[in-house]
Protein chains: 6
Amino acid sequence: MRPSNRQANELRQVRLTRNYTRHAEGSVLVEFGDTKVICTATVEENVPPFLKGKGQGWVTAEYGMLPRSTNSRMRREASQGKQSGRTQEIQRLIGRSLRAVVDLEKLGERQILVDCDVIQADGGTRTASITGAFVAISDAINGLIAAGKLTESPLKDHVAAISVGIFENSPVLDLDYPEDSACETDMNVVMTGSGDFVEIQGTAEGVPFSRAEMNQLLDLAEKGIKELIVLQKAALSQ
Amino acid sequence: MRPSNRQANELRQVRLTRNYTRHAEGSVLVEFGDTKVICTATVEENVPPFLKGKGQGWVTAEYGMLPRSTNSRMRREASQGKQSGRTQEIQRLIGRSLRAVVDLEKLGERQILVDCDVIQADGGTRTASITGAFVAISDAINGLIAAGKLTESPLKDHVAAISVGIFENSPVLDLDYPEDSACETDMNVVMTGSGDFVEIQGTAEGVPFSRAEMNQLLDLAEKGIKELIVLQKAALSQ
Amino acid sequence: MRPSNRQANELRQVRLTRNYTRHAEGSVLVEFGDTKVICTATVEENVPPFLKGKGQGWVTAEYGMLPRSTNSRMRREASQGKQSGRTQEIQRLIGRSLRAVVDLEKLGERQILVDCDVIQADGGTRTASITGAFVAISDAINGLIAAGKLTESPLKDHVAAISVGIFENSPVLDLDYPEDSACETDMNVVMTGSGDFVEIQGTAEGVPFSRAEMNQLLDLAEKGIKELIVLQKAALSQ
Amino acid sequence: MRPSNRQANELRQVRLTRNYTRHAEGSVLVEFGDTKVICTATVEENVPPFLKGKGQGWVTAEYGMLPRSTNSRMRREASQGKQSGRTQEIQRLIGRSLRAVVDLEKLGERQILVDCDVIQADGGTRTASITGAFVAISDAINGLIAAGKLTESPLKDHVAAISVGIFENSPVLDLDYPEDSACETDMNVVMTGSGDFVEIQGTAEGVPFSRAEMNQLLDLAEKGIKELIVLQKAALSQ
Amino acid sequence: MRPSNRQANELRQVRLTRNYTRHAEGSVLVEFGDTKVICTATVEENVPPFLKGKGQGWVTAEYGMLPRSTNSRMRREASQGKQSGRTQEIQRLIGRSLRAVVDLEKLGERQILVDCDVIQADGGTRTASITGAFVAISDAINGLIAAGKLTESPLKDHVAAISVGIFENSPVLDLDYPEDSACETDMNVVMTGSGDFVEIQGTAEGVPFSRAEMNQLLDLAEKGIKELIVLQKAALSQ
Amino acid sequence: MRPSNRQANELRQVRLTRNYTRHAEGSVLVEFGDTKVICTATVEENVPPFLKGKGQGWVTAEYGMLPRSTNSRMRREASQGKQSGRTQEIQRLIGRSLRAVVDLEKLGERQILVDCDVIQADGGTRTASITGAFVAISDAINGLIAAGKLTESPLKDHVAAISVGIFENSPVLDLDYPEDSACETDMNVVMTGSGDFVEIQGTAEGVPFSRAEMNQLLDLAEKGIKELIVLQKAALSQ
């Protein structure tokens, strides 16, 4: 039995609210149950130095948590003077996941900067971030098309992410915080709309996991991500 | 005529939403029109080193803006490795304003850390922060009383804040961003429920201001803060 | 009775020594009683990046205290790796105060960097800094005129600053350290030679202050600043 | 055909040289072909603050590259003042991998700090680091047993790591730099001696990868890691 | 001919002004011609962590330059967020030089922190700092004796320092800035009152120097330091 | 008797292994007994900003120690976020020593960056670094000549370094760690092939040293450096 009474293969309630704040080119509040993340996409008409004059664009991401998005207050990274290793790991993952579905040459010499800021955390903040960021980036790209700056979308596919893990010896989908903090194995899976993998990051927190367990986890992840992509499409068609 | 069509002495629509996120001891979304700030109050059963063993508590604040809370994206302070002078100035102001209405000895040897995070900015983020933070801290203190950790409230009074300024030669109340960026004089006023001043910070951005102008600005501020305190009381009584 | 036996409306002995060190374009030792600050003005024939090509100049300030300028030694900010919030607040205030009396377009595409370094502190370091920095900047500008780089002074007016506060229930002018550390309300006022306000920063350290008290404080400040400007003029005419 | 003429399922020549430097409790030079990493294990008779008094030990790792271990010189992280996101990601991975095979309670209240410093890089530095660090940590633990500080080894199993990837449409084992920089999918796999997974990190650099491809990659990784563990055992038995 | 018309073996005018600022236990303005450094000695009744409980004291130093103590403005180290290599080298030298003449066991479990802040630079700031710091530390120690905290002076000898160098092919004593920036060899020598060496730091800026030249330079340095120690004694006897 | 049983004027066994790693333009493992340092020389076809367009090149050095190169583990400077004062002092010394024998105009507008990384420390790491770095830089320059980028060597002479000190009242050459940590006086001497001094840095750790002692130390240093230069020539001729 899961603490939330969900079925093993059941997502939390997922909501994608577009135009959540008003300044960004794309702004989405993504909720995976009690996990809430504001994802904004900013378009800038320049590229980082290493891409100057290469005829292509760039997509990158930054991630943060409000200090009291968590059960006990975390120290504010800005006042500590650096981002933790965990933060950097997550924002690099978000950036790579998004770049996997963007044709950077079609994007042209501009960049999209995605900010994922967790305002309430209950497990799965990185997978919610990727799932919401895709919608934000879609809105930003649609804005470029509407403004005549792009004639064709550089988006090659959808991308979404979910966590899976072995909790009390059973594989479960979309771990919330009570499951995440107690689970033996935790895997984050990023997939495209066509069902291929962009990232797999599996970690045995306690007992190492077998290949059979991994296959069960991937089955769950595939199911969950398909559902997330349906929800992304529904949100974008509103 | 103000860009928002407001009267010179008219506040923007102000909303105070309690219990906005679920982990903090006090959590308030404060909205001054399009300016939106999440204020959380965290209670920790310890005090900073300089107060150890002195029989009193502490109240302090941190402030941040999401990178795309503004019209053009600001660099994330956590990734830059430091808080700007502006950020530090604002969080010091919020902390002082709150301490002015808290009896630190009655609070006992514990501290309340307030986090004010701007998710959408349209001028007046520091005054909204102070006004919302007071409600968050009230909830945190009520929680301590309910839990039997305090028998008596250490709150001595309400505190709220508003900006006033001279915009196109006229004194106006509660500047939004178009006014703030064009005004000649900008003053932030922090007052208690009893009508006394906690902080006055007036700056001539362009032309220095006369004492007569200052008196007009203070009249406006007093009016506005009285209205804010009525709204705080209404929010806290729900 | 004040600890220094001064009258409530009496400044400490103020001295402005020009050409105090030999390298800077303007170099002034300002003394407000036992508070001693070296103010230097450096002219650089460039502007910060955000002003490149805009046809105007810039004035900015930095502030520091020698570690043992105070009664107990403070940690050296350079070895700690950052400037405190207080330091940043003060140097931003000095910069804004000076810019209020400089016509930046007339200054041309160059900047004046003012350094205010406290060698001995006894309260009022920021107001002494502003008062002395004006003299240093005047010398630097006169040097530009003498060198034929400017034909007309970009200075629009004098600027000076003083602190006022409520000490043992009475409003007093120009707080020294014993008063400053014990006072209930502390206000720093920056005014021009024409008697208008550039900055007002009032803080209730303990009990909030009434509007009547604020008016008394401003009366004192106006008197003090008038005297300071007389002293600036005398120093500059030597 | 691979640039190195290796078979698709062929490791580079792997060497594990124990007692490579003389001060550390464990010191191993690990070579995966031209990739050379010094792994040292340091035993300290204390634990990090979050584990004080919990009756268990800790294992952690740091990673670095000599500036000219690579083809073009990288900036020295110590002089830049921070570790890159990549460095932090790798050292966190090494630490988790080692902890997966150490019984931290049996280790007692002490910590083992592993340093992995790359002196020459040709792809696979993180997998070489994990594979060599296991040998270094084994030596450090054997030293504790020999010194009578431990009566029983806290090591539960071996752990080793290898990279696999899809290079020119074919799955290959143990990517060297020319393969790594050109491959479409890159996966780092960490496994125990009993054949279970500790970590799987797969990334599609270009085209997302299918589940079938992932299975091929895991087959290769299992083969490679079995061979590495044979080599670890041989090294430790000398 | 030297730019200052001094003889090759002639010091600049040296002045040592005690009690220069009022808060520190020792406070000396040292002037070597136009080089002016404020040296303060602060006594703290504690020791750094590495000396806790070892029954001895510590002496350490920090060094800084006001940004415009030099001909062109240097960036403020506090705002840059770090001390330069040169600054650290100098403050380590000052600390070692002072410790060479202090019996740290006789000092007891307390530390003396010396701050040397250059307010005007014209070459030789480190040698002026050491020479002035000795007087400041002497005053601080005499204060401890007067207060009954020490019964016997922990000072074993005097210490002073001077620079020598080869300027236009001739050895000269006490280089000022025009000489220092043009000289081929620069040597800083620190000696005790008994005529022994504490530090010798010689650097060939251009052409390497011969042993014969070094001997000439040391002759000059010995002469200069003897004169400085006479001046220290005179200052301390006033 | 020395702990190593060496004669007072006897160097440790010195080895210079060229082409130690494969990427750098010059790569040397230098061993002074148990002290082992990897010295690499990197050629970059640019110069630092302060030399742009001046028609000359630059040579600079960085220094580091692997955390467990020493008997007890040192904290990693990259994870601490800054280089120690000692590290900066040493790398500045290495850079100056190398520049003393390079004709920077003949080098042309390019720079050589030398990295000296200590993999095992037993005293004398800075002198080993200078001695090995000269060989690395020679290889890099020979590569430039071989590639036709230079027609003539900018090397003016050899340079090498050794430590000398007074250990148990006797002057000794090439201190190892047991001697270095116990010696009263420690002197690092850098000389050219023609027998002139580039740097002398002598420090009395305990008792100040006399001029007679210094002369004895310099005699030893001259002898040692002559031997080192013979070894450099032998290594470079292989």
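Residues numbered from 1 in each chain as written. Chains lettered and ligands numbered in written order. Predicted model: local features only at pLDDT ≥ 70, side-chain atom pairs only at ≥ 80, totals over all residues. Heavy atoms only, no water.

Caption draft 1: Representation of the sheet that holds strand β5 (residues 111–120) of chain E. Residues and elements named next belong to chain E. One open sheet accounts for five strands, arranged β1-β2-β3-β5-β4; its pairing is mixed. Here the strands that pair on one side only, and so sit at the sheet edges, are β1 (14–18) and β4 (58–65). If you compare each strand with its neighbour and ignore which way they point, the axes differ by 20° on average. Pairing of β4 with β5 involves eight bridges; the strand directions are parallel. Paired with T60 across the bridge in β5 is L113. (Pairing = 2+ DSSP bridges. Helix = DSSP H or I, 4+ residues; strand = E, 2+ residues; numbered from the N terminus. Axes fitted to C-alpha atoms, helices over the stretch in contact; angles between N-to-C directions.)

Caption draft 2: Quick look at the UniProt feature "domain: Exoribonuclease phosphorolytic" (unreviewed entry) in chain A. Residues and elements named next belong to chain A. Per the UniProt entry, the sites bearing "domain: Exoribonuclease phosphorolytic" (unreviewed entry) are residues 10–140 and 159–224 in this numbering. End-to-end, the C-alpha atoms of residues 10–140 are 31 Å apart, and along that stretch the chain is 30% helix and 31% strand. Helix makes up 27% of residues 159–224 and strand 44%, and the two end C-alpha atoms of the span are 12 Å apart. (UniProt positions renumbered as here; feature names shortened; annotations may be inferred.)

Caption draft 3: Seen up close, the interface of chain D and chain A. Counting residues at the interface gives 27 residues for chain D, matched by 27 residues for chain A. Between chain D and chain A lies a buried interface of about 2,500 Å² when both sides are counted; carbon and sulfur atoms form 46% of it. Summed over the three residues of chain D that lose the most area to chain A, namely D:E89, D:F197 and D:R211, the buried surface amounts to 25% of that side. The interface formed by chain D and chain A holds six salt bridges in total. For the interface between chain D and chain A, the tally reads 18 residue pairs in polar contact (both at pLDDT 80 or more). Here the element with the most residues in the side of chain D that touches chain A is strand β9 (residues 197–204) of chain D; it accounts for eight residues. Grouping the constituent residues of the side of chain D that touches chain A by class yields eight nonpolar, ten polar and nine charged. As defined by bridge partners, strand β9 (residues 197–204) of chain A adjoins β9(D) across five bridges and the pair is classed as antiparallel. Its bridge partner being in β9(D), A:Q201 is matched across the sheet by D:Q201. (Contact = heavy atoms within 4.5 Å. Buried area = accessible area lost by both parts, 1.4 Å probe. Salt bridge = Lys/Arg side-chain N within 4 Å of Asp/Glu carboxyl O. Polar contact = N/O pair within 3.5 Å; in protein donor to acceptor, adjacent residues only side chain to side chain. Nonpolar A, V, L, I, M, F, W, Y, C, P; charged D, E, K, R; others polar.)

Caption draft 4: Examining the relation of the copies chain D and chain A more closely. For the pair chain D and chain A, the best superposition has an RMSD of 0.0 Å and corresponds to a rotation of 180° with a translation of 0.0 Å parallel to the axis. Taken together, the rotation and translation relating the two chain copies correspond to the operation of a two-fold axis. Within chain D, the C-alpha atom positioned nearest to the axis of rotation is that of D:Q201, 2.2 Å from it. A share of 100% of the interface residues of chain D reappears at the interface of chain A, consistent with the copies meeting face to face through the same patch. (Least-squares fit on C-alpha atoms with pLDDT ≥ 70 in both.)

Caption draft 5: Layout of the pattern of salt bridges. Within the structure shown, the criterion is met by 138 salt bridges over all chains. Linking A:R92 and D:E89 is a salt bridge whose minimum nitrogen-to-oxygen distance equals 2.6 Å. With A:R92 in helix α2 (residues 85–99) and D:E89 in helix α2 (residues 85–99), this pair bridges two chains. Of the residues examined, A:R92 reaches a relative accessible area of 31% and is grouped as partly exposed. Salt-bridge contacts for E:R2 lead to E:E179; the nearest nitrogen and oxygen are separated by 2.6 Å. Of the two residues, E:R2 sits in the segment before β1 while E:E179 sits in helix α5 (residues 177–182), which places them 177 residues apart along the sequence. By relative accessible area, which is 4% here, E:R2 ends up buried. Taken together, the shared-partner salt bridges connect A:R2, A:R6, A:R12, A:D34, A:D122, A:D174, A:D176, A:E179 and B:R22 into one network. (Buried < 20%, exposed > 50% of the residue type's maximum accessible area, 1.4 Å probe, protein only.)

Caption draft 6: Quick look at the UniProt feature "binding site: phosphate" (unreviewed entry) in chain A. Residue and element names in this part refer to chain A. Cross-referencing UniProt, the feature "binding site: phosphate" (unreviewed entry) maps to R86, G124, T125 and R126 in the present numbering. On the basis of their most widely separated C-alpha atoms, the annotated residues across 41 residues gather in one place, lying no more than 13.4 Å apart. Mapped onto the fold, T125 is located in helix α4 (residues 125–146). Dropping the residues within four chain positions of it, T125 is found in contact with T35, V37, Y63, M65, R86 and V118. Side chain to side chain, T125 and Y63 meet in a polar contact 2.6 Å long. Here R126 lies in helix α4. Overall, the relative accessible area of 18% leaves R126 in the buried class. Once residues lying within four places of it in the same chain are set aside, the contact partners of R126 are R86, I90, L93, N188 and Q201.

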